[in-house]
Each structure stands twice: as C-alpha cells, then as structure tokens.
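Residues per chain, in single letters:
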Amino acid sequence: MNDSFRTTLFCEYQPEVIACACIFLAARMLKIPLPGSDTENEPMHWYELLDAKTEDVEAIAIRILELYTNPTVSQTKIKEENDIFKEILCHVLVFLHLN
C-alpha cells in the first residue's frame, strides 16, 4: 500500500478500492485463493462488497506493479545532477544580478 503513495492513485480512486487492489496483489503473490465469481456458488468478487469494480482493481494493481519494473536511479547520480543544476542556477543568478 505504501508504494501506491508514489503514484497519483489516491487522486483517482477511493482508498478502499486501492486497499482492495493491494489485497488482490498480495493474495496473488502468496497464491492465496480469494472468493470470486469463478464458480456458480460465488456470483460476485469479494471486493464488490466494497463497491470496487474489477476493472479498477486490476488497473490499480497494474499501476502498482509498474513501480517495480521502472528502472531505479542511484542516489549518487541524482546528487551529481543536482549539483550540476545548482551550479548552472548560480551562474544564471549572477548573470541576472550583473545585468
């Protein structure tokens, strides 16, 4: 759930729907079966009790999983690029001050 804070999901969906997607993902990863509409005895998915739609739960799950497929950038590289940006900014400020 914490990883979803790195996205805009909480601006797009209700928290309970995001929680359903997190439970859905965790159950899948741990291979824990959850009630669903796969049988005649269970006509609806468990998350529909919380007004979550299948397409929303799946879309949120995919967005969270995408966080783990994005390449990570090292902190050293970020610091180097930040230092370069600061130096350029200082030169721009000096230039503006002199003119």
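Residues numbered from 1 in each chain as written. Predicted model: local features only at pLDDT ≥ 70, side-chain atom pairs only at ≥ 80, totals over all residues. Heavy atoms only, no water.

**Student:** Can you lay out the nonpolar core for me, pointing to particular residues and giving the numbers?
**Tutor:** Val 57 and Ile 60 are the most contacted members of the largest nonpolar core, which has 16 residues in total. Breaking this core down by element, the ones donating at least two residues are helix H2 (15-30) and helix H3 (54-69). Counting residues per element, this core draws most heavily on H2, which supplies seven residues. Beyond its immediate sequence surroundings of up to four residues, Val 57 is in contact with Cys 20, Ala 21, Phe 24, Tyr 47 and Ala 52. (Core = buried A, V, L, I, M, F, W, Y, C linked by side-chain atoms within 4.5 Å. Buried < 20%, exposed > 50% of the residue type's maximum accessible area, 1.4 Å probe, protein only. Helix = DSSP H or I, 4+ residues; strand = E, 2+ residues; numbered from the N terminus. Contact = heavy atoms within 4.5 Å.)

**Student:** Which residues make up the packing of aromatic side chains, and what values do they have?
**Tutor:** Going through the model one piece at a time under the given rule, you end up with two aromatic pairs. With a centroid separation of 4.8 Å and 15° between ring planes, the pair formed by Phe 5 and Phe 10 is classed as stacked. A relative accessible area of 30% places Phe 10 in the partly exposed class. Between Trp 46 and Tyr 47 the ring centres are 5.3 Å apart and the planes differ by 80°, which places this aromatic pair in the edge-to-face class. (Phe/Tyr/Trp six-rings, centres within 6.5 Å; stacked < 30°, edge-to-face > 60°.)

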